[in-house]
Amino acid sequence: MSERNTVVAFDNVSIVFGDDPQKALPLADDGQQRGEIQETTGQVLGVHDASIDVKAGEILVLMGLSGSGKSTLLRAVNGLNPVARGSVRVSDGESMIDVTTCDAKTLRDLRQRRVAMVFQQFGLLPWRSVAENVGLGLELAGEPAAKRREIVTRQLELVGLDAWADHRVAELSGGMQQRVGLARAFATDAPILLMDEPFSALDPLIRSRLQDELLELQRDLQRTIIFVSHDLDEAFKIGNRIAIMEGGRIVQLGTPREIFSNPASEYVADFVANMNPLGVLTARDVMKPAAGGSASEETIDVETPIRDILPLLRNGPLTVTEDGAPLGSVSAESVVARLSA
């Protein structure tokens, strides 16, 4: 990946909680698991040797079971979790700033201008109104009051809380408070959003709506988003790439299609076992390789999702092309064969 397209870079990041993190690192390097390391050293391994370059405009999802290290890694981006070894670098628009070594003023500036975060526990100010909470980042950035009101109103309408603008956040349910946190992150111009299970407390209808809104935000603004989730359906829906973590280590990094088609371990295979493949697989995965179909067949691109292919199969097989050249064909039979494999 080109360095100039990288917005956040995790370089061999290890995070250890305890009074002497260096005790734990050699054991982690030898492949010992978190429980063994804690028993031997009294230190808790949060993340070990994680390396990812996050591209501009990408949604990277960190996912895994509870305690896998996904939130721990996320919070290293804005310096909330100290790094025992390795580095986390964040683009300031011109160069990459090492968050692990920069001074307090530089880190504060990155947090105010470059990185916005939606905490799992909301991080709201209970003595302020909903509207004041949503506009907090804009206020700190010095936006004029009229501009703040315009942006805040739009974001509250987005999350369905416009009627609650003047209420104190303490009056809202947990799910509603989470929506305030989302609106506050969306309202800023920060190019990097850190989202720690932001939809977990929402009912399914609102969660699906906000997932869709997040994807629309990407199409319009192309922000860079690092998103923590334990929900594989959510990860596959919104993620350009997914990093699956286990015991503080990244066990597989790839696109949803790559992870579904080629799980790297039994742990990953268990995750994807019950996934609906219609949102993941493409024509490439279900086609029958051949020289191409007949001239009467309709053509589709090799990356066309299965969900878009199924309605077209009523009229017969489809020719699959890549850069205009035929690669093979998709039929109802080839789809069924792949899904039954």
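Keep in mind it's a predicted model, so treat the numbers as computed, not measured.

Rules behind the numbers
Residues numbered from 1 in each chain as written. Predicted model: local features only at pLDDT ≥ 70, side-chain atom pairs only at ≥ 80, totals over all residues. Heavy atoms only, no water. Phe/Tyr/Trp six-rings, centres within 6.5 Å; stacked < 30°, edge-to-face > 60°. Helix = DSSP H or I, 4+ residues; strand = E, 2+ residues; numbered from the N terminus. Buried < 20%, exposed > 50% of the residue type's maximum accessible area, 1.4 Å probe, protein only. Salt bridge = Lys/Arg side-chain N within 4 Å of Asp/Glu carboxyl O. Pairing = 2+ DSSP bridges. Axes fitted to C-alpha atoms, helices over the stretch in contact; angles between N-to-C directions. Domains from an automatic or database assignment. Contact = heavy atoms within 4.5 Å. Buried area = accessible area lost by both parts, 1.4 Å probe. pLDDT = per-residue confidence, 0-100. Core = buried A, V, L, I, M, F, W, Y, C linked by side-chain atoms within 4.5 Å.

Scanning all chains against the criterion turns up two aromatic pairs. With a centroid separation of 5.5 Å and an interplanar angle of 45°, the aromatic rings of Phe199 and Phe227 are classed as tilted. You can see Phe199 sitting in the loop between strand E7 (192–196) and helix H9 (204–221) and its partner Phe227 sitting in strand E8 (residues 224–229), a full 28 residues away along the chain. Residue Phe199 is classed as buried on the basis of its relative accessible area, which comes to 1%. Ring centres of Tyr267 and Phe271 lie 5.2 Å apart, and the angle between their planes is 90°; on these two criteria the pair is classed as edge-to-face. A residue pair is termed a helical-turn pair when its members lie 3 or 4 positions apart in one helix, as Tyr267 and Phe271 do in helix H12 (residues 266–272) at four residues.

Moving on, we come to the pattern of salt bridges. All told, the structure shown has ten salt bridges when counted by the stated rule. Close ionic contact of Lys237 with Asp212 constitutes a salt bridge, the shortest N to O distance being 2.9 Å. Placement of the pair is Lys237 in helix H10 (residues 232–238) and Asp212 in helix H9, with a sequence separation of 25 residues. According to the relative accessible area criterion, Lys237 is partly exposed, its value standing at 34%.

Strand order in the open sheet formed by six strands is E6-E7-E8-E3-E9-E10, and the pairing between neighbours is mixed. Lying at the two open borders of the sheet, with one neighbouring strand each, are strand E6 (115–118) and strand E10 (249–254). Ignoring which end each strand starts from, the neighbouring axes of this sheet average 15° apart. Two elements, strand E3 (residues 59–64) and strand E9 (residues 241–246), share five bridges in a ladder whose sense is parallel. Bridged to Gly64 within E9 is Met245.

A few words now on the environment of Phe186. Here Phe186 lies in helix H8 (residues 174–187). When its relative accessible area of 4% is taken as the criterion, Phe186 is described as buried.

Turning to the domain arrangement of the protein chain, a few remarks are in order. Structurally, the protein chain comprises domain 1 (55–83 + 95–114 + 190–278) and domain 2 (281–339). Distance from the C-alpha centre of domain 1 to the C-alpha centre of domain 2: 32 Å. Counting residues at the interface gives five residues for domain 1, matched by nine residues for domain 2. Both sides of the domain 1 and domain 2 interface together cover about 620 Å² of buried area, and 56% of this is carbon and sulfur.

All right, on to the environment of Ala187 then. Counting through the fold element by element, Ala187 comes out in helix H8. Sequence-wise, Ala187 and Arg148 are 39 residues apart; in three dimensions their C-alpha atoms are separated by 8.8 Å. Excluding its chain neighbours within four sequence positions, the residues that come into contact with Ala187 are Val134, Leu138, Ile151 and Gln155.

Another point: the confidence of the model for the protein chain. The pLDDT averaged across the protein chain works out to 88; a share of 95% of its residues lies at or above 70. For the stretch residues 292–296, pLDDT sits under 50, and the model shows six contacts to residues farther than four places along the chain or on other chains.

Below, the discussion takes up the sheet that holds strand E11 (residues 288–289). The four strands lie next to each other as E11-E14-E13-E12, forming an open sheet whose pairing is mixed. The two strands at the open ends of the sheet, each matched to only one other strand, are E11 and strand E12 (298–301). Across four bridges, E12 lies against strand E13 (residues 318–322) in parallel orientation. Among the inter-strand pairings, Thr299 is bridged to a residue of E13, identified as Thr319.

Quick look at the pairing of strand E14 (residues 325–330) now. Of the strand pairs in this sheet, E11 and E14 are connected by two bridges, and their pairing is antiparallel. Directly across from Lys288, in E14, lies its bridge partner Ser329. Sheet topology places E13 next to E14; five bridges connect them, and they run antiparallel. Each bridged residue has a counterpart across the sheet, and for Glu322 the counterpart in E14 is Ala325. Hairpin connection, E13 to E14: the antiparallel pair is bridged by two residues, and Asp323 has positive phi, about 55°.

As a further point, take the nonpolar core. Counting 62 residues, the largest nonpolar core has Met195, Phe227, Phe236 and Val330 as its most contacted members. Here this core spans two domains, since at least three of its residues come from each of domain 1 (55–83 + 95–114 + 190–278) and domain 2 (281–339). Val8, Val13, Ile97 and Val228 belong to the second largest nonpolar core, which has 29 residues in total.

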